[in-house]
Amino acid sequence: MQLTVWTYEGPPHVGAMRIATGMEGVHYVLHAPQGDTYADLLFTMIERRQKRPPVTYTTFQARDLGSDTANLFKSAVQDAYDRFQPQAILVGASCTAELIQDDPGGLAEALHLPVPIVALELPSYQKKENWGAAETFYRLVRTFAGPHALAPGAKRAPRAAERRPSCNLLGATALGFRHRDDGAEIIRLLASIGVDVNVAAPMGATPADLARLGDADFNVVLYPEIAGPSAKWLEKAFAQPCTKVVPIGVGATRDFIAEVGALANIDVSTMLDAEQSRLPWYSRSVDSTYLTGKRVFIFGDATHAVAAARIAAEELGFTVVAVGSYSREFARDIRDAAQKYGAEALITDDFLAVEQHIQALQPELVLGTQMERHIAKRLKIPCAVISAPVHVQDFPARYSPQMGFEGANVIFDTFVHPLMMGLEEHLLGMFRDEDGEFSDTAVPSHLAASGAAPILVMPQAVPSADAITLDWAPEAQKELGKIPFFVRGKARRNTEKFAAERGLPRITIETLYDAKAHFSR
Amino acid sequence: MTAAGGLCATAPTRREPTIIRERGQREVFCGLTGIVWLHRKIQDAFFLVVGSRTCAHLIQSAAGVMIFAEPRFATAIIDERDLAGLSDANAELDRIVAQLLERRPDIKLLFLVGSCPSEVIKLDLSRAALRLSRDHAPGVRILNYSGSGIETTFTQGEDACLASLVPEMAPEATDAAPSLLVVGALADVVEDQFKRLFAALGIGPVQFLPPRRAADLPAVGRKTTYILAQPFLGDTARALDDRGATRIDAPFPLGAEGTSLWFGAAAAAFGIDPAHVESVLAPARDRAMRPLSRYRLALKGKRIFFFPDSQLEVPLARFLSRELGMKLVEVGTPYLHREHLAADLALLPDDVVLSEGQDVEKQLDRCRAQNPDLVVCGLGLANPLEAEGLTTKWSIELVFTPIQGFEQAGDLAELFVRPLARRTKLVA
């Protein structure tokens, strides 16, 4: 058992729902107890979809367990087929149904429906949402593209000279973090390179489209967490190479263009020479010197965390203090990125462990998921959201991709806006002692008229096992209060560490500044 | 005891209502969802779900409750090793509870909450609770109940939780004065209003279940009279009956009329002079009716369809039809507790169509065919129905908003007015 407060990923059958809901013409019959229908609201409320997910649940109850849950499942499949007339039916079990071992695949086959049945085995007690999405997509791809695979040992026919190169765009799903806009952005980018999109899947594709996957010259893998296994199989079955670079950030987008150019045999040098994003100039503008060296903590799915680390370090000049991910399957990529940027690597799906790390590292900016946003809010550290798990705010009304050059523009704004602007920060720091508006005891200026109580920002002390009670002189305490709140926790921690290491009995103003000198970079 | 009070309802011989009973896909939450409000209500209790990743995902998704950095609930997620042997699962549970209590020394009452997987593998949480209570005595009391979807829907989780508290209630003193117990979680603001009204009526002492702090659990016994504030508390009521308490029958305190009848029934049970009751309730009722008369203009004659959700549907339908003049197309409820709802059912129009249980596809067919003015439904259905052109009210808001009592009657009506008003305002 694992004690869990918040989870980064849902169960694997939710991953399967993301595939089914993204596609057209697929229906998923899920053997599941009453209550598991909550998953519908992820799509109808968080993503604001206008249609119910194409999922039928058996919603069995205790009284059914004593009788015949298998027949319940069969009638659910038959009813779903009759009502929705899908081109393919996915069948599977949620965590509870997995325990009662009714064999959804066998039961559905026994109905002899005129459409393919794709049976999913998603081990709920071992695997999670992204794995479930990847496995479901892989099963569908094999089922529909499989019959068209090259004979073993056969070579792929070269592309006819008059035909433009084409690729499949793999990985976008329902309920994906910015998948809607990433897909549009990359289709536009590929078109400007001169590459057509044969099939974009799973989002928007039908089973019949999956049967045509082999027609493309290569595959573009947008989200390796979801499309990885399918791309690997297509590589074998159709001798289709796939892209390795995920085009998030200016550097990665340029690498992606070069990679696509090589796969499509197109000269992309003029395209690479043209500056197409505002990010490089904005990062070089005078105002952005205040970004330099800001300590940033990164956590998300592997794809977005690795991309964010590269952008933070190479395109904004931040100092990356940690790169972490809940995608255990991609631990190696995370460790490589961490090593490259001299940061700590963190592979965990334990929210409490992530919180402890953030608290201990005292970063100046957190780039994380909605959950890190809550941690950061509590610790009063600026934060931007870079990855799933998704929230209704991650489906903005405006066009807001993460990928491509427009994505890089969006990311510049996303990472930078939570931070206080350079001069603003200095002015607050210089005059905070006498400043009636920004001192700790001041009421927020916009609430002053309402007589609101002052919000006291207490320095955050980090409890540790061997904590000793340190004596702060009142004037040192007061001096600490003059340090801007977003770095005060770190100043306090460093000072106490400095004092403890030297066995100083009392922290004075001198100790505070000695510690500052000692830890300054 | 029967309903009595300011607005006396007469229930002459009437036709039995039509009840559609269906089985099929049920689009309802499981009882675990109750944790979302219960962990806010009982300030020193912690809820540990023993379940799967699905359970954890449900609770954090169901109400968008990722507000509390470290909330007073968590999930002990069962993994494949726990499925191999139950002795190991018990040892694992003990380890998790120890870890949790070490981390959160403020916990005084811990609920082990059963789930579908814990029930299917027959992990006995009542024995685990006994064992762990012994291990962690005297600082922490450990109880258990089931919030599983195979046993409970949505609000039944609260019923199971409160029922598990009843055996913990002390026996009342032998010389105890008659007391009133109000049963069912209410918003603190509503509870405070109710306390003031009970005091003005001259009823006391009045206690509430659940209490705001676990340590304040009231005593119970033959001198205890209780009144349900929520319509989904069948097991809790039975447990209180077993302790010798007596239930007051009344419509539920929704709307000016419903609240009057509810207080009136309590006052009658305590033998309060009807003239005094009327003098206390009349000003509150009149104030409640002022906004209602305004909202009645917007709702009168509008046709409403309820999908099953919280078991609040019957009293809500009574309020909307009698006090706001709405026409009831179909009133769906996950479970129809005929005894507890008797007073509300008696006030529904003769031609009402009720449905119990659900086959969601068939119910959607009926709903579309009827084309009501307003559909009350869960979050999974609301946006798709809006996109089809129907106007909806999400039912979960009726559980998470203070709607009981006189002062909230207008707010409750407004919840139904707003979706209709929006439809007339939006032109783009």
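Before reading on, note that the structure itself is shown above.
Within every chain, residues take consecutive numbers counted from 1 along the sequence as written. Naming scheme: in the order in which they are written, chains are lettered from A and ligands are numbered from 1. Reporting in this predicted model follows two pLDDT cut-offs: at least 70 for local features of residues, and 80 or more for side-chain atom pairs to be given and counted; totals over whole chains, interfaces and linings ignore these cut-offs and use all residues. The basis for every side-chain value is the complete set of non-hydrogen atoms in the structure, without hydrogens or water.

Peer 1: Can you walk me through the overall build of chain B in this structure?
Peer 2: Only runs of H or I of at least four residues qualify as helices and only runs of E of at least two qualify as strands under DSSP, and these elements are numbered from the N terminus. Across its full length, chain B holds 17 helices and 14 strands. Each radius of gyration is computed over the set of C-alpha atoms, and the globule rule expresses the reference value as 2.2 Å times the number of residues to the power 0.38. Computed over the C-alpha atoms, the radius of gyration of chain B is 22 Å, within 12% of the 22 Å expected from 2.2 N^0.38 for a compact globule of 428 residues. In terms of overall dimensions, chain B has C-alpha extents of about 60 × 60 × 40 Å along its principal axes. Burial analysis of chain B (428 residues in total) assigns 63% to the buried set. Contacts in chain B between residues far apart in sequence, at least 24 positions, make up 76% of those at least 6 positions apart. His residues and chain termini do not enter the charge count, which takes Lys and Arg as positive and Asp and Glu as negative. Taken as the charge centre is NZ of Lys, CZ of Arg, CG of Asp or CD of Glu, depending on the residue. Of the charged side chains in chain B, 48 are positive and 53 negative, and the gap between their average positions amounts to 4 Å. Type-normalised accessible area, obtained with a 1.4 Å probe on protein chains alone, sets the label of each residue: buried when under 20%, exposed when over 50%, and partly exposed for intermediate values. Any two residues having at least one pair of non-hydrogen atoms within 4.5 Å are treated as being in contact.

Peer 1: Help me understand the nonpolar core, please; the structure alone is not making it clear to me.
Peer 2: In globular proteins that are soluble, nonpolar side chains generally tend to be buried together. For the purposes of this section, nonpolar cores are sets of buried Ala, Val, Leu, Ile, Met, Phe, Trp, Tyr and Cys residues that join through side-chain atoms within 4.5 Å. Formed by 183 residues in total, the largest nonpolar core has its most connected members in Y28 and F297 of chain A together with F47, F111, V182, F198 and F416 of chain B. Broken down by element, the residue count for this core peaks at 8 residues, all from helix α11 (residues 274–299) of chain B. Residues within four places of F198 of chain B in sequence aside, it is in contact with L180, V182, I203, V206, W262, F263 and A266 of chain B. Judged by nonpolar contacts, the second largest core, of 57 residues, contains I257, A302, L316 and L419 of chain A.

Peer 1: It is not clear to me how the interface of chain A and chain B should be interpreted in this structure. Could you clarify?
Peer 2: You'll often see interface size given as the accessible area lost when the parts meet. Between chain A and chain B, the residue contacts involve 57 residues of the former and 67 residues of the latter. A quick way to say it: buried area is the sum, across both parts, of accessible area lost when two parts are put together, with a 1.4 Å probe. Carbon and sulfur atoms make up 60% of the surface buried where chain A meets chain B, a total of about 5200 Å² over both sides. By salt bridge we mean one thing: a side-chain nitrogen of Lys or Arg within 4 Å of a carboxyl oxygen of Asp or Glu. Between the two partners, chain A and chain B, sit 4 salt bridges. Here R52 of chain A makes a salt bridge to E361 of chain B, at a shortest N to O gap of 3.2 Å. Pairing of N or O atoms within 3.5 Å defines a polar contact, subject to two protein rules: one partner must be a possible hydrogen donor and the other a possible acceptor, and residues neighboring in sequence count only if both atoms are side-chain atoms. At the junction of chain A with chain B, the criterion picks out 21 residue pairs in polar contact (both at pLDDT 80 or more). Looking at the side of chain A that touches chain B element by element, the count peaks at 5 residues for helix α2 (residues 40–46) of chain A. By residue class, the composition of the side of chain A that touches chain B is 24 nonpolar, 18 polar and 15 charged. Pairing of strand β1 (residues 2–4) of chain A with strand β3 (residues 73–77) of chain B, which is carried by 3 bridges, proceeds in the antiparallel orientation. Looking at β3 of chain B, one finds that T4 of chain A is bridged to T75 of chain B. Residue classes follow a fixed rule: Ala, Val, Leu, Ile, Met, Phe, Trp, Tyr, Cys and Pro count as nonpolar, while Asp, Glu, Lys and Arg count as charged, and any other residue, Gly among them, counts as polar. What makes two strands pair is DSSP finding at least two bridges between them.

Peer 1: Whenever I open this one, helix α17 (residues 370–379) of chain A confuses me. Can you help?
Peer 2: Residues separated by three or four positions in an α-helix point in the same direction, a consequence of the helix having 3.6 residues per turn. In terms of burial, α17 of chain A is largely enclosed, as 7 of its 10 residues are buried. Residues of α17 of chain A that are buried make contact with β9 (295–300), α16 (351–361), β12 (365–368) and β13 (383–385) of chain A together with α2 (53–62) of chain B. Just downstream of α17 of chain A, K380 of chain A is the residue with a positive phi angle, here 60°.

Peer 1: Would you take a moment to explain the sheet that holds strand β8 (residues 218–221) of chain A for this structure?
Peer 2: Each strand in a sheet pairs with its neighbour through backbone hydrogen bonds, running either in the same direction (parallel) or in the opposite one (antiparallel). Residues and elements named next belong to chain A. One open sheet holds the 3 strands; their spatial order is β7-β6-β8, and the pairing between them is parallel. Where the open sheet ends on each side, the last strands, each with one partner, are β7 (196–202) and β8. Here the average twist between neighbouring strands, direction ignored, is 25°. Note that strand β6 (residues 166–172) and β8 share 4 bridges and pair parallel. Bridge pairing in β8 links N168 to N219. Here, axes are lines fitted to C-alpha atoms. For helices the fit covers the stretch in contact, and angles between N-to-C directions go from 0 to 180 degrees.

Peer 1: I tried to follow the packing of aromatic side chains on my own but got confused; where do I start?
Peer 2: The criterion for an aromatic pair is that two Phe, Tyr or Trp rings (for Trp, the six-membered ring) have centres within 6.5 Å, with stacked assigned to planes under 30 degrees apart, edge-to-face to planes over 60 apart and tilted to the rest. By the definition in use, this model includes 18 aromatic pairs over all chains. An angle of 15° between the planes, with centres 4.8 Å apart, marks the rings of F47 of chain B and F111 of chain B as stacked. A residue pair is termed long-range when its members are at least 10 positions apart, and F47 of chain B in strand β2 (residues 45–51) and F111 of chain B in strand β4 (residues 109–114) qualify at 64 residues. Taken individually, F47 of chain B and F111 of chain B each receive the classification buried, so the pair is uniform in this respect. What links up through ring pairs into an aromatic cluster is the set F194, F198, W262, F263 and F406 of chain B. Against the face of F498 of chain A rests R502 of chain A, its NZ or CZ located 3.8 Å from the ring centre. In this scheme, the term charge over a ring applies when either NZ of a lysine or CZ of an arginine sits within 6 Å of the ring centre and within 35 degrees of the ring normal.

Peer 1: I tried to follow the pattern of salt bridges on my own but got confused; where do I start?
Peer 2: Close approach of charged atoms allows side chains with opposite charge to pair. Going through the model one piece at a time under the given rule, you end up with 52 salt bridges over all chains. Measuring nitrogen to oxygen at the nearest pair gives 3.3 Å for the salt bridge that ties E314 of chain A to R310 of chain A. Residue E314 of chain A and its partner R310 of chain A are both found in helix α14 (residues 302–315); the two are separated by 4 residues, about one turn of the helix. The exposure class assigned to E314 of chain A is partly exposed, which follows from its relative accessible area of 43%. The exposure class assigned to R310 of chain A is partly exposed, which follows from its relative accessible area of 22%. Where R213 of chain B meets D44 of chain B, a salt bridge forms, and the shortest distance between an N and an O atom there is 3.9 Å. Taken together, the residues R213 of chain B in the loop between β7 (206–209) and β8 (224–228) and D44 of chain B in the loop between α1 (35–41) and β2 connect sequence positions 169 residues apart. Note on R213 of chain B: relative accessible area 42%, which makes it partly exposed. If you follow the salt bridges from partner to partner, you end up with K41, D188, E191, D192, K195 and R212 of chain B in one network.

Peer 1: Whenever I open this one, the packing of helix α8 (residues 188–201) of chain B against α11 of chain B confuses me. Can you help?
Peer 2: Any two packed helices are characterised by the angle at which their axes cross and by the distance between the axes. Residue and element names in this part refer to chain B. Between α8 and α11, whose axes approach to 9 Å, the crossing angle comes to 150°. Here the hand of the crossing between α8 and α11 comes out right-handed. Residues L197, A200 and L201 of α8 touch α11, and the partners they reach there are H276, V277, V280 and L281. Two helices that cross are described as forming a left-handed crossing if the nearer one is turned anticlockwise from the farther one by less than a right angle, and a right-handed crossing if clockwise.

Peer 1: How do you make sense of the packing of helix α12 (residues 313–324) of chain B against helix α17 (residues 409–425) of chain B when you look at a structure like this?
Peer 2: Residue and element names in this part refer to chain B. Contact geometry for α12 and α17: axes closest at 12 Å, N-to-C directions at 95°. Viewed along their axes, α12 and α17 adopt a mutual orientation that is roughly perpendicular. Across the interface between the two elements, L316, F319, L320 and L324 of α12 pack against A409, L412, A413 and F416 of α17. Split into classes, the residues belonging to the contact of α12 with α17 amount to 8 nonpolar, no polar and no charged. When describing relative orientation, an angle under 35 degrees is termed roughly parallel and one over 145 degrees roughly antiparallel, while 65 to 115 degrees is termed roughly perpendicular and anything else oblique.

Peer 1: Please explain the side chain of T96 of chain A as it appears in this structure.
Peer 2: Tracing the backbone shows T96 of chain A in helix α5 (residues 95–100). Residues within four places of T96 of chain A in sequence aside, it is in contact with P33, F60 and Y125 of chain A together with C116, P117 and V120 of chain B.

Peer 1: Is there a simple way to think about the environment of F405 of chain A in this case?
Peer 2: Residue and element names in this part refer to chain A. Mapped onto the elements, F405 comes out in helix α18 (residues 404–416). Considered as a pair, F405 and K497 are 92 residues apart in the sequence and their alpha carbons are 44 Å apart. Excluding residues that lie within four positions of it along the chain, F405 makes contacts with E185, L189, V250, T253, R254, I257, Q276 and S277.

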